[in-house]
Structures are given as C-alpha cells and as structure tokens.
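Reading the structure
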Amino acid sequence: MTYTDPRSYLYQPGLLDPDAAQRITREALKSCDDGELYLQYSATESFGFDDGRLKMADYSTGSGFGLRGVSGEMTGFSHANDMSEAAIRRAGETLKLLDPAKEQPAPPPRQNNRHLYTDGNPLELVPFAQKVALCQQIDAAARARDPRVAQVSVGLSGSWTVVEVVRADGFIATDVRPLVRLNVSIVAQDGDRRETGTYGFGGRYLYDKLFEEHEWEHAIDAALAQALTNLRSVAAPAGEMTVLLGPGWPGILLHEAVGHGLEGDFNRKGSSTFSGKIGQRVAAPGVTVVDDGTMQNRRGSLSIDDEGTPTQENVLIEDGILRAYMLDRMNARLMGVAPTGNGRRESYAHAPMPRMTNTFMRSGNDDPAELLSRVKNGIFAKSFGGGQVDIVSGKFVFSCTEAYLVKDGKLGDPIKGATLIGDGPTALNKITGLGNDMALDDGVGVCGKAGQSVPAGVGQPTTLVSALTVGGTAG
C-alpha cells in the first residue's frame, strides 16, 4: 500500500494520532527540563551477490517510539515497537523516577524549511528483478575485466525512514530519509597469491545513480585496480617516517582520531584530550576542520538531527585554533551554549548523543604533486580499512588497504600490512602541507559509538604529515 503522506506510517487509526502524541508528551514531560517523543518507521533491503549467485536478499520494516525525559544531568528513556497511545503512556511512567526539573524548560529548536534530500522511497521505485540483474551485470563485467579476477562480491542496499520529533512545548518536526549504497569487492589471484580490492558509493538519494552504467563501471575499475595493485605489494617498512595521506576517504583517520574527541559529551565530562581548550592552538596553522550536516544528498547529512534541531556547518578548528564542539541539546544546555544539530541516534530504541555528520578538513593551497616531491623517505596512504582510537588520549592505530613507498619524491612499490600509529593532537600539529584537492568520501561511512551505528561522511585534501609511526612487516 502506498501512502501519499509519509506520516501515515507513524499514525495509524485506532492506535495513535498526532493530537494524542502531543497530549501524552506534554503530560509525560511536564516535570522535565527537556526531552521528546521520537517516532520512527523504517523499511530496509539488502542484496548480497557472491560467487556468481544471489546469496542473500533481505527486506524488513519496523516502527517504534522512544520517549525521553531529561532533568539536570539525569535521563529517563523508554522505547517500544508498539506505536500506540497505550504503550507511550506506559513508557511515560518511567519518567516519574526523574527528579523534578529546577530550571525553566529548555526552549524548542529553531525552525527552518531546508530540504536536503528527496522524500522518495528508493525501495519502491525499482523492481526486485532489476536489482538482482544489476548485481549480475556487475559480476559479469568484473570477471570479464581481467583473467586474474577470482571472486566478485556485490552488495546493494537501501533504506527509507520516516521520523517525527514531538515535544511538550508543541514543537513538531518531521523528516523523511532515503539512503542507498553499492559495494563491489574483487579478489584477484596470481599463482598462489590472492589480494582484495573494494570500492563503494552511495548517499541520500534514490537508486538512479547506482544504476548508471558509468557509475558502477567506475566501482569495478576502482576495486580491481586496488586488488591488482595489492597483488604486487611488498612488505611494509616499520619506523617513524613522513606520511602523505590521499584525499577523500583517508579523512576517516581525521574522523576517528580527532572528530570523536570534539564531541560534546566527552568534553563536558573532561575526558577528551581537547577538553577546556576552546580558543587554544590544537593544530598546525592552516588546518581547518568542519562538521557540516547540511550538504545536499550526502550520506552523513540530515535536514534535522534526531532531537529536531536543524543541522548546520560547524567550524570546529579554524586555522589550527579550537573554536567549537559538536553538541546535542543536553550537553549544550549543561555547557551553557547552543546545540549544533549533532544529536543523533541509531533508531527509536536509542537515546540521542553528540555525533558527527560529515566531518572533513578544508583544502589548503599546495599542489598535491609538490607535496609528494617533499617526501624523501616515507609512504603514501591512499586508502584505509579499520582502526582503533582511544578518545581520552587520542591515540590511534589504522590499517592501510592501499599504500605505497615513497623515495625522493617518487611513488615506489605498493606495500602490504602497513599500519599508522600515533595520536590525533600530535598528528594535527605535524601537518606541514595541505593540498588544494579536498574531496569527500564516496558515501559508505558508518560511525560507531557506545554501541550505536549511524551513517557518516568524511573528507580531506592530500595531507602531508612530517612524522608518524608506521607499523610494518618488513625485516
């Protein structure tokens, strides 16, 4: 059944209507500083094509609510997948355990009418058979590229989510969020050696772009190029050396090693390496770090965050000086500043917390080729896989999925098994060059924090770091 009004998925006759939602919320939160009723409906699908066959096709829908009350530093939160007036009333009983608020209720979010992505549902617009056929087409094209292609995996996924934030003060905000993604993974084999290359892209739009031939052909080319490059890789060296980071996806290192440390909850509690440093130099001159949730159709973008606050461009570090943190409503109120539109949650079953949206470093003025020429002995890291970060210290360990030796300003052999080891604040101060080629990632980022995962974007220009510790396997 197709509804013309997306809110029809949230309000069902005989279960819940908008007036009842407002009435219950007002009653439940009457003794709280802040809070909201968060309603959500979501439909998701995913396809897994592997070894020339469709191995997995999944479709699911779900709906539910989260009711949150905030009093001082205390939070009461209840959720259920029963989106009915009776269930929400029962959830409201939990909030009676909170101490009554001592201050005036927090004001509602500011209103705006920006629309950053379509309301359309990608899941409904392309038939099942066409989605399977696309996976088959990509598989066949990838295998025809090179006789060394031993295995191809294709992942196609999409979701459509309707959310509504209802507040006790009468504020209501609704958002309809599409999200699609295509991933291609290729295993290349030469003799007994097998190596993998991957590439993916997506965003908050419909499936149209994923089905454009030049787009998925590019995905094949990029994944295959990485796999073939890794086939001829040599063992990575170890030790402290100059590191040149490529543009775009390597911004994941910035996201993890620096971004999380700039989230408001860690800084309010004084547990971040950046706590209490607003106005101080925390990075080399020229380094400007931004979190911007307002970028059209981007994976990490949101018209409103999950508390109803419009997203915005937040300049976190400007020319090396720490200017701001990313804040949800509760941490902003307790710190005496305005929320920044960074209150996010994985679903109705989770309470919001400060999270990144699209986080990137702005371009500098250097020619990327000139930056390469400055590297006398080091590595060029073009792509990363997973990593680990300690928020308190900013220490990180990241594995490279594609990297090269650099000698006297020239790219050398690709290397295998390289890891970058360091800490965010130190790395920021060792940046000695920023390219004029800032790029955002292609739309595959997933950010994890406190057990919650949300889509996020990253980016940066080509970045020269004078010294990082490289972990390798070369003797």
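Structural data are supplied above this passage.
What you are looking at is a predicted structure, and each value in this text was computed from that prediction instead of being measured. (Residues numbered from 1 in each chain as written. Predicted model: local features only at pLDDT ≥ 70, side-chain atom pairs only at ≥ 80, totals over all residues. Heavy atoms only, no water.)

**Description of the nonpolar core**
Put simply, the rule is: In these notes, a set of buried Ala, Val, Leu, Ile, Met, Phe, Trp, Tyr and Cys residues joined through side-chain atoms within 4.5 Å is what counts as a nonpolar core. The buried label applies to any residue whose accessible area, calculated with a 1.4 Å probe on protein chains only, is under 20% of its type's maximum; exposed applies above 50%, and partly exposed to all values in between. Think of it this way: any DSSP run of H or I at least four residues long counts as a helix, any run of E at least two long counts as a strand, and we number them from the N terminus. Note on contacts: a residue pair qualifies if any of its non-hydrogen atoms lie within 4.5 Å across the two residues.
Leu 262, Val 287, Ile 317, Phe 384, Leu 420 and Leu 428 are the most contacted members of the largest nonpolar core, which totals 43 residues. Among the elements of the structure, β8 (239-245), α7 (251-259), β10 (313-318), β15 (377-389), β16 (395-407), α11 (424-429), β19 (431-434) and β24 (463-471) are those that each provide at least two residues to this core. In contact with Ile 317, other than residues within four places in its own chain, are Val 258, Leu 262, Val 282, Ala 283, Val 287, Thr 288, Val 289, Leu 322, Arg 323 and Leu 428.

**Quick notes on the environment of Gln 40**
To be explicit about the condition: Within 3.5 Å is the distance limit for a polar contact, defined as a pair of N or O atoms, with the added protein rule that one can donate a hydrogen and the other accept it, and that residues adjacent in sequence qualify only through two side-chain atoms.
Inspection of the secondary structure assignment puts Gln 40 in strand β1 (residues 34-50). Note: C-alpha distance between Gln 40 and Val 406 (366 residues apart in sequence) is 50 Å. The residues touching Gln 40, leaving out its near neighbours within four places in the chain, are Leu 10, Gly 62, Ser 63, Gly 64, Met 83, Thr 161, Val 162, Val 163, Ser 347 and Tyr 348. There is a polar contact of 2.7 Å between the side chain of Gln 40 and the backbone nitrogen of Tyr 348.

**What about helix α1 (residues 18-28)?**
In an α-helix, one turn spans 3.6 residues, which is why side chains three or four residues apart end up on the same side. Among all positions of α1, only Ala 20, Ala 21, Gln 22, Ile 24, Thr 25 and Ala 28 are buried. Among the structural elements, β1, β2 (53-71), α2 (85-92), β4 (149-166) and β5 (172-190) are those in contact with the buried residues of α1. N-capping of α1 is provided by Asp 17, with a side-chain oxygen placed 3.0 Å from the backbone N of Asp 19.

**As for the packing of helix α4 (residues 128-145) against helix α6 (residues 213-231)**
Worth spelling out the cut-off: A fitted line through C-alpha atoms serves as each axis, taken over the contacting stretch for helices, and the angle formed by two N-to-C directions is quoted from 0 to 180°. Any angle between 65 and 115 degrees counts as roughly perpendicular, while under 35 counts as roughly parallel, over 145 as roughly antiparallel, and the rest as oblique. Each crossing gets its hand from how the near helix is turned against the far one by less than a right angle, where anticlockwise is left-handed and clockwise is right-handed. The classification used treats Ala, Val, Leu, Ile, Met, Phe, Trp, Tyr, Cys and Pro as nonpolar, Asp, Glu, Lys and Arg as charged, and all other residues, Gly among them, as polar.
Closest axis-to-axis distance for the α4/α6 pair is 10 Å, and the angle between their directions is 45°. Taken together, α4 and α6 sit at an angle that is classed as oblique. In this structure, α4 crosses over α6, and the sense of that crossing is right-handed. For the pair α4 and α6, contact is made by Leu 134, Gln 137, Ile 138, Ala 141, Ala 142 and Arg 145 and by Trp 216, Glu 217, Ile 220, Asp 221 and Leu 224, respectively. When grouped by side-chain class, the residues that make up the contact of α4 with α6 number 7 nonpolar, 1 polar and 3 charged.

**Points about the packing of aromatic side chains**
The line we're drawing: Classification of ring pairs uses Phe, Tyr and Trp, with its six-membered ring standing for Trp, and accepts pairs whose centres are within 6.5 Å; under 30 degrees between planes counts as stacked, over 60 as edge-to-face, and the remaining range as tilted. As a reminder, the over-ring test applies to NZ of lysine and CZ of arginine, requiring each to be within 6 Å of the ring centre and within 35 degrees of the ring normal.
If you walk through the whole model with that rule in mind, you get 9 aromatic pairs. A centroid spacing of 6.4 Å and a plane angle of 75° characterise the contact between Tyr 41 and Trp 160, whose relative ring orientation is edge-to-face. With Tyr 41 in strand β1 and Trp 160 in strand β4, the pair connects residues that are 119 residues apart, well separated along the chain. The buried category is assigned to Tyr 41, whose relative accessible area is 13%. Ring geometry for Phe 47 against Phe 128: centres 5.5 Å apart, planes inclined by 55°, an arrangement best described as tilted. Taken as a pair, Phe 47 in strand β1 and Phe 128 in helix α4 lie far apart in primary sequence, 81 residues in all. Judged by relative accessible area, which is 4%, Phe 47 ranks as buried. Counting every residue linked through ring pairs, the aromatic cluster contains Tyr 9, Tyr 41 and Trp 160. The side chain of Arg 204 reaches across the aromatic face of Tyr 117, ending 5.6 Å from its centre.

**Topic: the packing of α1 against α2**
Across the interface, α1 lies against α2 with an axial gap of 10 Å and an inter-helix angle of 10°. With respect to each other, α1 and α2 are oriented roughly parallel. Packed against α1, whose contacting residues are Ala 20, Arg 23, Ile 24, Glu 27 and Ala 28, the element α2 presents Glu 85, Ile 88, Arg 89 and Gly 92 at the interface. Per-class residue counts for the contact of α1 with α2 are 4 nonpolar, 1 polar and 4 charged.

**What about the pattern of salt bridges?**
Counted only if it meets this: Any carboxyl oxygen of Asp or Glu within 4 Å of a side-chain nitrogen of Lys or Arg constitutes a salt bridge here.
Scanning the model with the defined rule gives 32 salt bridges in all. The shortest N-O distance in the salt bridge between Glu 313 and Arg 362 comes to 3.0 Å. Placement of the pair is Glu 313 in strand β10 and Arg 362 in the loop between β14 (358-361) and α10 (368-373), with a sequence separation of 49 residues. When its relative accessible area of 43% is taken as the criterion, Glu 313 is described as partly exposed. One salt-bridge network, held together by shared partners, links Arg 23, Glu 27, Glu 85 and Arg 89.

**Quick word on the sheet that holds strand β3 (residues 74-80)**
To keep it simple, the criterion reads: In this analysis, strands are considered paired if DSSP registers two or more bridges between them.
On the basis of which strands lie adjacent, the open sheet formed by 6 strands has the order β3-β2-β1-β4-β5-β6 and antiparallel pairing. On the outer flanks of this sheet lie β3 and β6 (193-203), each paired with one strand and no other. With direction set aside, neighbouring strand axes in the sheet form an average angle of 20°. For β5 and β6, the ladder comprises 11 bridges, and the chain directions are antiparallel. Looking across to β6, one finds that Ser 185 is bridged to Thr 198. In the packing of α2 onto the sheet, contacts are made with β1, β2 and β3, and the angle to β2 comes to roughly 50°.

**What about the sheet that holds β14?**
With mixed pairing, 6 strands are arranged side by side in an open sheet as β11-β10-β9-β14-β23-β20. Both edges of this open sheet fall to β11 (321-322) and β20 (439-440), since each of them pairs with a single strand only. The strands that α7 touches are β9 (289-292), β10, β14 and β23 (457-460); relative to β23, the one it contacts most, it runs at about 110°.

**Some remarks on the pairing of β2**
In terms of strand pairing, β1 meets β2 through 17 bridges, oriented antiparallel. Residue pairing for β2: Leu 37 is matched across the bridge by Leu 67. Taken together, the 7 bridges between β2 and β3 define a ladder with antiparallel strand orientation. Note on β3: the bridge partner recorded for Leu 67 is Ser 78. Turn length for the β2-β3 hairpin, with the two strands adjacent in sequence and antiparallel, is 2 residues, and the turn residue Gly 72 shows positive phi of about 65°.

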